[in-house]
Amino acid sequence: HADQVSDWIEEWLQCEWRNLQVQLVPQTAQWATITVSGPSARRIVAGLELGVDLAPLAFPHMHIRCVAWAGTQLRVRRASYTGETSYEIDIAADRAEDLWLRLLRLGAPLGLRPLGMEALDRLRIEKGFLEVGVAAPAQRHVSRQVLRTVDDPWCHRRREPHAPLLVALRVLER
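Position numbers for residues start from 1 in each chain and track the written sequence from start to end. Per-residue local features are limited, in this predicted model, to residues with pLDDT of at least 70; the limit for side-chain atom pairs, both in listing and counting, is 80 or more; totals at the level of whole chains, interfaces and linings are taken over all residues. Hydrogens and water are ignored here; the side-chain numbers use all heavy atoms of the structure.

1. Section: the packing of aromatic side chains
- Each aromatic pair joins two rings of Phe, Tyr and Trp (for Trp, the six-membered one) with centres within 6.5 Å, and gets the label stacked for planes under 30 degrees apart, edge-to-face for over 60, and tilted for any other angle. Per the counting criterion, the structure on display carries 3 aromatic pairs.
- With centroids separated by 5.2 Å and ring planes inclined at 45°, the aromatic side chains of Trp 12 and Trp 17 adopt a geometry described as tilted.
- Working definition: with a 1.4 Å probe on protein chains only, accessible area under 20% of the residue-type maximum means buried, over 50% means exposed, and in between means partly exposed. Looking at Trp 12, the relative accessible area reads 14%, which means it is buried.
- Taken together, the ring pairs in this structure connect Trp 8, Trp 12 and Trp 17 into an aromatic cluster.
- Lysine and arginine charges are scored as sitting over a ring when NZ or CZ, respectively, is within 6 Å of the ring centre and within 35 degrees of the ring normal. Seen from the ring of Phe 59, Arg 65 lies directly overhead, with NZ or CZ sitting 4.6 Å from the centre.
- The ring of Trp 31 is capped by Arg 75, whose NZ or CZ atom sits 4.1 Å from the centre of that ring.

What follows is the structure, given as structure tokens:
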């Protein structure tokens, strides 16, 4: 996914933003992201002793904190794509295993288990967060019901001419 985003930005720099004096330097491979999600996420992340108040009012959803841990810098995001309390933790790739093992030890008494991307996608879809441009197997069924094309030429400018476009999602029943 990172390569696609980098290519997309590079295309825009060459085709649309030619007057910008910008150079892209990919950083994705230098970072790892570990997400801790679920009802015990706050307790597990608190065990890292980051010196950050993790209470919902002090660290609201979709906010970020930069902190030090075990001699390295972390970026901690309070983001959730599963419907549960979640923390996304960015760490230098060469230190990710240390963090991973520490989180597994902290979470073991609370039932923490590693979760793969397909399971994460399914939780995200159950929450109702469709990822536009991604056709995960579980999302395809839902997408057929909510995607339709739009005739506005601006919407089609940077897409395939007949590609579906998510324009709205409205829950009619619960």
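Read on, since the account is not over.
2. Digging into the side chain of Thr 72
- Within the element layout of this structure, Thr 72 appears in strand S3 (residues 72-77).
- A relative accessible area of 13% means that Thr 72 is categorised as buried.
- In this analysis, two residues are considered to be in contact whenever any of their non-hydrogen atoms come within 4.5 Å of each other. Apart from residues no more than four positions distant in its own chain, Thr 72 is found in contact with Val 67, Ile 91 and Arg 95. Helix numbers and strand numbers start at the N terminus; a helix is a DSSP run of H or I with at least 4 residues, a strand a run of E with at least 2.

3. Considering the pairing of strand S1 (residues 31-37)
- Taking every second residue as pointing to the same face, the buried face of S1 carries Ala 32, Ile 34 and Val 36, while none of Trp 31, Thr 33, Thr 35 and Ser 37 on the other face is buried.
- For two strands to be treated as a pair, DSSP must find no fewer than two bridges joining them. Relative to strand S4 (residues 86-92), S1 runs antiparallel, the two being bridged by 7 bridges. Note that in S4 the partner of Thr 33 across the bridge is Asp 90.

4. Some points on the confidence of the model for the protein
- Confidence per residue, as judged by the predictor, is encoded in pLDDT with a range of 0 to 100. Taken over all residues, the pLDDT of the protein has a mean of 80, while the share at 70 or more is 75%.
- Here residues 138-159 is modelled with pLDDT under 50, and outside its nearest four sequence neighbours on either side it reaches 35 contacts, counting other chains as well.

5. Here we look at the nonpolar core
- Counting 21 residues, the largest nonpolar core has Leu 48, Leu 74 and Leu 99 as its most contacted members.
- Contributing elements (two or more residues each) for this core: S1, helix H2 (41-46), strand S2 (64-69), S3, S4 and helix H3 (96-107).
- Apart from residues lying up to four places away in sequence, Leu 74 is in contact with Leu 50, Arg 65, Cys 66, Val 67, Trp 69, Ile 89, Asp 90, Ile 91 and Leu 99. Nonpolar cores are built from buried Ala, Val, Leu, Ile, Met, Phe, Trp, Tyr and Cys residues. Side-chain atoms within 4.5 Å join them into one set.

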